[in-house]
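What follows is each chain in one-letter form.
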Amino acid sequence: MIWKLSLTGIKSRLKDYTVLFSGLVVASMIFYMFLSLAINPGFMSHDVNAPGNYLSFIFGFGIVLLVIITFVYLVYANSFLLSMRQHDYGMFMMLGAKSSRIGLLIFCETLLTGIIAAVLGIFIGFGLTALISKLLIANLGLKITHFQVILPSAIIWTLIFFVAIFFLAALRNAHKLVRSKVIDLLHESQKPIKLSRKNGLRVFEAILGIVLLAAGYYIMRMPASAIFFIIPAALITIVAGTYFTFDSLFTLIINFLLKRKNFAYRGIRIFTLGQLKFRIRDYTRILSVISLLFALALGAITVGLNFNSLNDQAVKSTYYDATIIENSPAVQKNVDKLDIKTRSTYHYVETKKDVYFDKSEFEKTPLRDVKFKQNGNNFPIYKTVTLKTSELTMKDSYAGNVLRIQTNTLGKTVKLVSSNQLKNIQGQKKFITLITVKDFVKDYLTLMKLEKVQLASNPAMAQALSRTKPFSYQMILGFTSGFEFMGFFLGIAFLTMLASTLMFKVLSGAASDKMRYEMLYKIGTRRKVLKQSIRHEIGVLFLLPRILGVIDVLFGLRLFTALLPHPYMGFWVPFSIFIVLYFIYYAVTVKLYENLVLQK
C-alpha cells in the first residue's frame, strides 16, 4: 500500500523528477566519458604512444575535478528530492505508517533514483564517448585501431561512485525522516526564518567581503613563479569574500531599495523584495557555491579552447617542416603530395671521427634555424636566423651543433670540402633534404607519414627523426587537444550542475510560495503582474552569481599566462555561448516555477 502511495506521489511530481533526472544523467554521462578516455588501455598503449601519457593525466585530472563538483551537486539534488517527498511521508506517518517502514521506503527511493540515473547516463555516455573520441582522434591525426567505446572497467567505476554516493544519501534521508516529528515533516516549508537586524554588523561584513575579494584578485595578479602561494591564498580569500558579499551586501541592497518608496511601491515590487529578503539566509550558501561554480565552468571552457594557441607555438619553434634521408618509393609518394615551399639538399660522407660536407651546397642555400628569447610573459619570441657557413666547422658552435643534430652525428667533427674532394673521400655516402611547406597544418598528416616511413627503415636515425617538427607537433597536439576537450566538457558539466542546483533550490520553495501568490491573485493582482514578479525574483537569483563569476574569471585567467601566450584571446566566444545556455536554464526555471505557484 505504501509503495502504491509512493508511486502516486512520484507521478504527481513527474516534472520535478524529470528536472532532477536530467542533471543526474548528464553528471553520470560525462563522468563515464572522462573515465573511458582516461583509462582506455589499448588506446593509450598502442595508438597514442607518448601523447597518451599526457592525455591520461589530463583526463584523470578532469575526473578528480568532476568527482568534487558531482559530490557537491548531488548534495543539493538530494536535498531537492527530500523536500519533494517529506510532506508525503509526513502524511503516511500521520495515517499510521511505521517510521521504520517510511525510512526503508525513502532509502529505497533515493538509492533507486541514483542507480537509474547512473545507468541511463552510462548508456548515453556510450554515444557521447564515441562522438568525442572521433573528434579527439581526428584532431590528433592518428590511425586508431584499439579504442574501446564500451569499457567494462569505466562502467564498473562509474556505477560504484554513483551507487556509493546515493547509498550515503539514502542513509542520511532515512535517518533524518525517522528522527523527525510528523508535524515538522508536514510544515517544514512553513517554518519562519529569523532575520538579523544588526545593520552595523552587516555593513562590516559587506566591507570585509569586498576587501577579501579585492585581495584575492590582487593575489592572482602576482607572478606565476609564486603559484604555490597564489592558488591556496586566492582560494581562501575569494571563497570567504564571496560568502560575505552575498550574506551581507545582498541584504543591504534590498533594505536600501525597500526604503525608497518611489521604487518599492510600484506594482508588487515590495512583495518581490520581501521574497528575496525572506530567503536570504537559505540562498547565501547556494549563491556563493553557484558563483564559484560559474567561474570554474566559464574558466574551464575559456582556458580549454585557448590551449589550441600552443599549436602555433609548436609550428613556429622549428624552421624545417620535414627531414628526408632516403629516396625510397614510399618516401617519394608522400613527398609528391606536399605543397613544398623550399627544398635544401646537403650531401655528406660520414667516417668514424669526421663528417665531410659539400661546402658549395651551404653557400648556395645556407642552413637556417629558429632562435627564441623569453618575453615578460615567459613565452618565447621566435626569430628565423641564417647560420653562417664559416661557423659550421667551429667546435661547439651553435651552427655546428644544429647541423650535427640534423644529421645525427653528434660527437664528430664537421669539415667542409669541395664537390670533387667529397667524391674521393672513403666512408658512408649520405644526404639530407630539409623542406618547408606552404601550410604545415594542412600537410601535417602527410608529413607525419613521411617521417614514420623513414623511421621504420632507418632505426639508427631515430634520435634525429623523432625531433622533427611533425613529431613535436603531434605531442603538443595531444597535450592541447586533451585540455581543450577536458575544458569544454568540464564546463558543460559544471554549467548543467550549477544551473540545475539553483533550479532545485528555487523549485523546492514553490510549495510555500504558492499560497502567497494565490492570496495576491484573490485580492485582484493580475496574472501578468505575478509573472513579472516571478521573472524579476528568479532573474536576480540567476544574475548575481553570474556577475561575480564573470569577474572571478576575468581576474583568474591571469593565472594561465605561464601556460598560454594569450589567455584572454577570443574570450567573448565562450562567454557568449555560456550566457546563452545559462539564460535557457533561467527561462526553464521561470516556466516550471510559474506552473507550480500560479493557478491555471
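All values reported here derive from a predicted model rather than from experimental measurement.

## Remarks on the overall build of the chain
Logical step 1: Counting its regular elements, the chain contains 23 helices and seven strands.
Logical step 2: For the chain, the proportion of its 600 residues judged to be buried stands at 49%.
Logical step 3: Put simply, of all contacts in the chain between residues at least 6 apart along the chain, 81% involve residues at least 24 apart.
Logical step 4: Total accessible area on the chain is roughly 29,900 Å²; 64% of this is exposed by carbon and sulfur atoms.

## Regarding the packing of helix α14 (residues 329–336) against helix α18 (residues 440–457)
Logical step 1: Where α14 meets α18, the closest approach of the two axes is 9 Å, and the angle between their N-to-C directions is 165°. Between α14 and α18, the interaxial angle falls into the category roughly antiparallel. Note on packing geometry: the crossing formed by α14 with α18 is left-handed. In this structure, α14 contributes Ala330, Val331, Asn334 and Val335 to the contact, and α18 contributes Thr446, Lys449, Leu450, Val453 and Gln454.

## Quick word on the confidence of the model for the chain
Logical step 1: Considering every residue of the chain, the mean pLDDT works out to 76; 75% of them sit at 70 or more.
Logical step 2: When pLDDT is averaged over each element of the chain, strand β3 (residues 354–358) comes out on top at 89 and helix α7 (residues 182–186) at the bottom at 50.
Logical step 3: This stretch, residues 47–52, has a pLDDT under 50; its non-local contacts, to residues over four places away or in other chains, come to 16 contacts.

## A word on the sheet that holds strand β6 (residues 413–417)
Logical step 1: Read from one edge to the other, the open sheet built from five strands follows the order β1-β7-β2-β3-β6, with strand pairing classed as mixed. In this open sheet, the two edge strands, each paired with only one partner strand, are β1 (322–324) and β6. For this sheet the average axis-to-axis angle between neighbouring strands, irrespective of direction, equals 30°.
Logical step 2: Bridge count between β3 and β6: five bridges; the pairing is parallel. Within β6, the position partnered with valine 355 by the bridge is valine 414.
Logical step 3: Across the face of the sheet, helix α16 (residues 398–407) comes into contact with β1, β2 (340–350), β3, β6 and β7 (428–437) while running at roughly 105° to β7.
Logical step 4: Most of the contacts of α18 go to β1, to which it runs at about 35°, and overall it touches β1 and β7.

## Structural notes on the environment of phenylalanine 471
Logical step 1: The topology assignment puts phenylalanine 471 in helix α20 (residues 469–508).
Logical step 2: Classification of phenylalanine 471 by relative accessible area gives buried; the value is 16%.
Logical step 3: Through-space distance from the C-alpha of phenylalanine 471 to that of methionine 448 is 7.1 Å; in sequence the pair is 23 residues apart.

## Quick look at the environment of serine 291
Logical step 1: Along the chain, the position of serine 291 falls in helix α12 (residues 280–306).
Logical step 2: Each C-alpha atom of the pair serine 291 and proline 545 lies 4.1 Å from the other, and the pair is 254 residues apart in sequence.
Logical step 3: Residues in contact with serine 291, not counting those within four places in the same chain, are Thr242, Phe246, Pro545, Leu548, Gly549 and Asp552.

## Comments concerning the packing of aromatic side chains
Logical step 1: Considering all chains together, one arrives at 15 aromatic pairs under this definition.
Logical step 2: Each ring, one from phenylalanine 440 and one from tyrosine 444, has its centre 6.2 Å from the other, and the planes form 50°; the classification is tilted. On the criterion of helical spacing, the pair formed by phenylalanine 440 and tyrosine 444 is a turn pair, its members being four residues apart in helix α18. The same class applies to phenylalanine 440 as to tyrosine 444, namely buried.
Logical step 3: Seen in terms of ring centroids, phenylalanine 542 and tyrosine 586 are 5.7 Å apart; in terms of plane orientation they differ by 70°. Their pairing is edge-to-face. Placement of the pair is phenylalanine 542 in helix α22 (residues 527–556) and tyrosine 586 in helix α23 (residues 572–597), with a sequence separation of 44 residues. For the pair shown, phenylalanine 542 and tyrosine 586 are each scored as buried.

## Description of the pattern of salt bridges
Logical step 1: Tallied over the full model, the rule gives five salt bridges.
Logical step 2: Of the charged contacts in the structure, one is a salt bridge between glutamate 350 and lysine 412, with a shortest N-O distance of 2.6 Å. With glutamate 350 in strand β2 and lysine 412 in the loop between α16 and β6, the pair connects residues that are 62 residues apart, well separated along the chain. Neither residue differs from the other here; glutamate 350 and lysine 412 are each classed as buried.
Logical step 3: For the salt bridge of aspartate 354 with lysine 415, the shortest nitrogen-to-oxygen distance reads 3.6 Å.

Cut-off values and rules
Each chain has its residues counted from 1, following the order in which its sequence is written. With the structure being a predicted model, the display of local features is reserved for residues of pLDDT at least 70 and the display and counting of side-chain atom pairs for 80 or more, all residues being used for whole-chain, interface and lining totals. Here the side-chain values reflect all heavy atoms present in the structure, with hydrogen atoms and water set aside. A run of DSSP states H or I qualifies as a helix once it reaches four residues; a run of E qualifies as a strand once it reaches two. Both are numbered from the N-terminal end. Each residue gets one of three labels from its accessible area relative to the maximum for its type: buried under 20%, exposed over 50%, partly exposed in between, using a 1.4 Å probe on protein chains only. The contact rule is simple, with two residues in contact once any of their heavy atoms fall within 4.5 Å. Accessible areas in this description were obtained via Shrake-Rupley with a 1.4 Å probe; residue shielding takes into account the shown protein chains only. Fitted lines through C-alpha atoms serve as axes, helices being fitted only where they are in contact, and the angles separating the N-to-C directions of these axes extend from 0 to 180 degrees. Angles below 35 degrees are treated as roughly parallel, those above 145 as roughly antiparallel, those between 65 and 115 as roughly perpendicular, and all remaining angles as oblique. Handedness of a crossing is defined here by the sense of rotation of the near helix relative to the far one, left-handed for an anticlockwise turn of less than a right angle and right-handed for a clockwise turn. Confidence scores per residue from the predictor, reported as pLDDT, run from 0 to 100. A pair of strands is treated as paired once DSSP finds two or more bridges between them. Each Phe, Tyr or Trp ring (for Trp, its six-membered ring) is paired with any other whose centre lies within 6.5 Å, and the angle between the two planes then decides the class: stacked below 30 degrees, edge-to-face above 60, tilted in between. The term salt bridge refers to a pairing of a side-chain nitrogen on Lys or Arg with a carboxyl oxygen on Asp or Glu at a separation within 4 Å.

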